[in-house]
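Read off the chains here:
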Amino acid sequence: MSEIRLAAETRTEFGKGAARRARRAGFVPGVVYGHGHAPVHLNLPGHDLMMALKTPNALLVVPIEGKDEYVLPKAVQREAIKRTIEHVDLLLVKRGEKVTVEIPVHTEGELAPGGNLLEHVLQALPVEAEATHLPEAVTVSVEGLEAGASIHAKDIALPSGVSLAVDADAVVLQVIAAQAAPADEEAAEGAEA
């Protein structure tokens with residue numbers, strides 16, 4: 001994963017009014033914390049931040065007190081209707097440090113014929129990896145799986161340097177048989193038509 005550099009300004013004004021002024025000017029208020037440092041309040045460029053957060057677990061580089069620091073998005077608050085970013089909490093990380101994040105699980109392939117359904121028990125897989133080498137997603141093949149089959153966390157191939165942060169026997173995906181309507185209900189529906 002590549003790092004995304006964002007320009008940021010240190011915030012000196014706090015409160016609802018200051019946050020609204022920052023948003024009107026195209027900035028998103030944020031706070032950086034971690035590693036025992038006092039929280040640092042920033043204004044981040046709104047559009048650039050929105051584009052950066054389209055990538056899950058984006059590694060951001062922001063200037064803090066004249067020094068470029070690595071941060072990961074920890075919490076993003078969005079406006080309820082427009083879905084614009086209202087505030088962001090960023091976690092300070094160091095090169096080589098292991099962090100726990102959730103990465104999306106993507107599937108490829110077709111299930112066995114018969115109207116089976118694929119259930120994502122875990123939408124994202126918790127993993128531990130170096131902060132500067134976070135995988136964007138994992139892809140799992142479901143080719144030919146039949147009803148009753150399941151894929152556990154231990155069955156998913158992870159990139160080197162990445163380990164599971166969840167029980168290895170946790171079910172990630174499972175195939176379930178499609179629910180068929182009982183014959184009596186089908187006959188009753190046909191008679192009503």
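Residues numbered from 1 in each chain as written. Predicted model: local features only at pLDDT ≥ 70, side-chain atom pairs only at ≥ 80, totals over all residues. Heavy atoms only, no water.

### A closer look at the overall build of the protein
Phase 1 of the analysis: Secondary structure summary: the protein contains 3 helices and 14 strands in total.
Phase 2 of the analysis: For the protein, the C-alpha radius of gyration of 23 Å lies well beyond 16 Å, the compact-globule estimate for 193 residues.
Phase 3 of the analysis: Overall size of the protein, expressed as C-alpha extent along the three principal axes, is 70 × 45 × 25 Å.
Phase 4 of the analysis: Burial analysis of the protein (193 residues in total) assigns 33% to the buried set.
Phase 5 of the analysis: For the protein, long-range pairs separated by at least 24 residues make up 62% of all intrachain contacts whose partners lie at least 6 apart in sequence.
Phase 6 of the analysis: Counting every atom, the protein has about 11,300 Å² of accessible surface; 50% of that belongs to carbon and sulfur.
Phase 7 of the analysis: Averaged over its 17 positive side-chain charges, the protein has a centre that lies 17 Å from the centre of its 28 negative ones. (Helix = DSSP H or I, 4+ residues; strand = E, 2+ residues; numbered from the N terminus. Rg over C-alpha atoms; globule rule 2.2 N^0.38 Å. Buried < 20%, exposed > 50% of the residue type's maximum accessible area, 1.4 Å probe, protein only. Contact = heavy atoms within 4.5 Å. Areas by Shrake-Rupley, 256 points an atom, 1.4 Å probe, with all protein chains shown as cover. Lys, Arg positive; Asp, Glu negative; His and termini not counted. Charge placed at Lys NZ, Arg CZ, Asp CG, Glu CD.)

### Quick look at the nonpolar core
Phase 1 of the analysis: Judged by nonpolar contacts, the single largest core of 23 residues is most densely connected at Leu72, Val93, Val99, Val101, Leu125, Ile156 and Val172.
Phase 2 of the analysis: Looking at this core, the elements that each hand over two or more residues are strand 5 (59–64), strand 6 (67–78), strand 8 (98–108), strand 10 (124–130), strand 11 (138–141) and strand 14 (171–176).
Phase 3 of the analysis: Here this core takes 4 residues from strand 8, the largest share from any one element.
Phase 4 of the analysis: Non-local contacts of Leu125, meaning those with residues more than four positions away in its chain, are made with Val101, Glu102, Ile103, Val105, Val138, Ala153, Ile156, Leu158, Leu164, Val166 and Val172. (Core = buried A, V, L, I, M, F, W, Y, C linked by side-chain atoms within 4.5 Å.)

### Points about helix 1 (residues 16–24)
Phase 1 of the analysis: Taken residue by residue, helix 1 has Ala18, Ala19 and Ala22 as its buried positions. Take helix 1 and look down its axis: the buried residues cluster within an arc of 100 degrees, on one side only. Of the exposed residues in helix 1, the ones pointing more than 90 degrees away from its buried face are Lys16 and Arg24.
Phase 2 of the analysis: Where helix 1 is buried, its residues touch strand 3 (27–34) and strand 4 (37–45).
Phase 3 of the analysis: Remark: Gly26 follows helix 1 within two positions and exhibits a positive phi of approximately 90 degrees. (Arc of directions from axis to C-beta.)

### Observations concerning the pattern of salt bridges
Phase 1 of the analysis: Applying the stated criterion across every chain yields a total of 6 salt bridges.
Phase 2 of the analysis: When the shortest N-O distance is used, the salt bridge between Asp68 and Arg5 registers 2.5 Å. Placement of Asp68 in strand 6 and of Arg5 in strand 1 (residues 3–5) is noted, with a sequence separation of 63 residues between them.
Phase 3 of the analysis: Arg5 gets classed as exposed once you look at its relative accessible area, which sits at 53%. (Salt bridge = Lys/Arg side-chain N within 4 Å of Asp/Glu carboxyl O.)

### Quick word on the pairing of strand 10
Phase 1 of the analysis: In terms of strand pairing, strand 8 meets strand 10 through 7 bridges, oriented antiparallel. Directly across from Pro104, in strand 10, lies its bridge partner Ala124. (Pairing = 2+ DSSP bridges.)

### Digging into the environment of Glu79
Phase 1 of the analysis: By the secondary structure assignment, Glu79 is in the loop between strand 6 and strand 7 (85–93).
Phase 2 of the analysis: Residue Glu79 is classed as partly exposed on the basis of its relative accessible area of 26%.
Phase 3 of the analysis: Along the chain, Glu79 and Leu158 lie 79 residues apart, while their C-alpha atoms are 35 Å from each other.
Phase 4 of the analysis: In this structure, Glu79 is in contact with Thr84 and Glu86, ignoring residues within four places of it in sequence.
Phase 5 of the analysis: Engagement of the side chain of Glu79 in a polar contact is seen with the backbone nitrogen of Lys82, the distance being 2.4 Å. (Polar contact = N/O pair within 3.5 Å; in protein donor to acceptor, adjacent residues only side chain to side chain.)

### Describing the sheet that holds strand 3
Phase 1 of the analysis: Read from one edge to the other, the open sheet built from 7 strands follows the order 1-5-6-7-3-4-2, with strand pairing classed as mixed. One side of each edge strand has no neighbouring strand; the edge strands of this open sheet are strand 1 and strand 2 (9–10).
Phase 2 of the analysis: One ladder, built from 5 bridges, connects strand 5 with strand 6; its direction is antiparallel. Among the inter-strand pairings, Pro63 is bridged to a residue of strand 6, identified as Asp68.
Phase 3 of the analysis: Sitting on the sheet, helix 1 touches strand 3, strand 4 and strand 7, and the angle it makes with strand 3 is about 120 degrees. (Axes fitted to C-alpha atoms, helices over the stretch in contact; angles between N-to-C directions.)

Remember, this is a structural readout, not a statement about activity or role.
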